[in-house]
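# Remarks on the overall topology
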Amino acid sequence: MNHSKHTDISRHPCFNADVKGKYGRVHLPIAPKCNIKCNFCDRKYDCVNESRPGVTSNLLSPAQAGIYVDRVVAKEPRITVAGIAGPGDPFANGEKTMATLRTVRKKHPHILLCVSSNGMNISSYIKELAELEVSHVTITVCATDPEIGRKIYSWVKDGNVVYRGLQGAKLLLSRQLAAIEKLKQHGITVKVNCIVIPGINDHHIEEVAKTVKRCGADLFNAMAMFPNVNTPFGDIPQPAPEMMEEIRSSAEKHLPQMRHCTRCRADAAGLLDEDKTEEFRGCLSSCSA
Ligand code: SF4
Ligand code: SF4
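Notes on the structure in this doc start here. It should be emphasised that the depicted structure is a prediction, and the values quoted were computed from it without experimental measurement.

On to the environment of H204, then. Within the secondary structure, H204 sits in the loop between β8 (189-196) and α7 (205-214). Sequence-wise, H204 and A143 are 61 residues apart; in three dimensions their C-alpha atoms are separated by 7.2 Å. The contacts of H204, once residues within four sequence positions are left out, are A143, D145 and I148.

Here it is, written out as structure tokens:
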């Protein structure tokens, strides 16, 4: 299969800051469930794998997502990327995610396809992701030391088995690092998102960048945690801009750093600096009706 039209980053506004004012993305909110529990997440909101907590998205079926992409690109032809980023994890809803990607790929052979995941359950889907020419994948890795990871994740679920504490953190980490390696073996561009949580992992972010680089990651996005009072980390304040700048500079010694992330919602649409999520809300609701 010829991957050339999808392997460059020149049309992806998140992976290439130079085109953030030129091209846009649409997120397809199709994935409600999650297979891990991050201590900064309130399940009523969208996943921070790729989005900030916001109002819960309308959920689409794969067929509805296909129609939604048709309508959005007809209205905003500068949208070059369709992504799946939640509101849960795409591969806790693996069959639905793959059905959506197949539908969109068939209807829009030239669109860039992108997914964001916690990495827990992506592995068995990577071969088909490559076949569908999914060119960009984000894996969110908040710790590469399981002793830190255990403070961030209350549990991880593998099939029907739930793992907690160190065991859960170790399992998740091994899946994440293996996923990055396997994605790279399949020629997919990999960004790693890392949520910065003051007092928990803020001293550890450079180490995360160094480790994921060794696995082949292409780009790093240190993101400030968005505090949510309904979560175990509800009392932890959002990291200050100075702290984020220092952290990004240290991570940048190892990997190029995304500095223009706007922490979009799982149903975001439009250009990063010219967001049209609200404008397309009617379109999204009519597709999900
Ligand atoms: Fe929430 Fe996303 Fe973490 Fe799942 S991976 S618990 S949806 S932040
Ligand atoms: Fe791009 Fe960040 Fe928005 Fe994801 S959350 S689409 S990386 S700007």
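To continue, consider the sheet that holds strand β2 (residues 36-38). Judged by pairing direction, the sheet is antiparallel, and its three strands sit side by side in the order β2-β6-β7 without closing on themselves. Two strands in the sheet have a free side with no partner beyond their single neighbour: β2 and β7 (161-164). Shown here is a sheet whose adjacent strand axes are inclined to one another by a mean of 20°, direction ignored. Where β2 meets strand β6 (residues 153-158), three bridges bridge the pair, whose relative direction is antiparallel. Bridge pairing in β6 links K37 to W155. Sitting on the sheet, helix α6 (residues 165-185) is in contact with β2, β6 and β7, with an inclination near 60° to β6.

Membership of the largest hydrophobic core comes to 82 residues, with the highest contact counts inside it found for I180, C194, V196 and F220. With eight residues, the single largest contributor to this core is α6. If sequence neighbours within four positions are ignored, F220 has contacts with V192, C194, A209, A251, L255, P256, Q257 and M258.

Cut-offs applied
Residues numbered from 1 in each chain as written. Chains lettered and ligands numbered in written order. Predicted model: local features only at pLDDT ≥ 70, side-chain atom pairs only at ≥ 80, totals over all residues. Helix = DSSP H or I, 4+ residues; strand = E, 2+ residues; numbered from the N terminus. Contact = placed C-beta atoms within 7 Å. Pairing = 2+ DSSP bridges. Axes fitted to C-alpha atoms, helices over the stretch in contact; angles between N-to-C directions. Core = buried A, V, L, I, M, F, W, Y, C linked by C-beta atoms within 7 Å. Buried ≥ 20, exposed ≤ 12 C-beta atoms within 10 Å, placed from the backbone.

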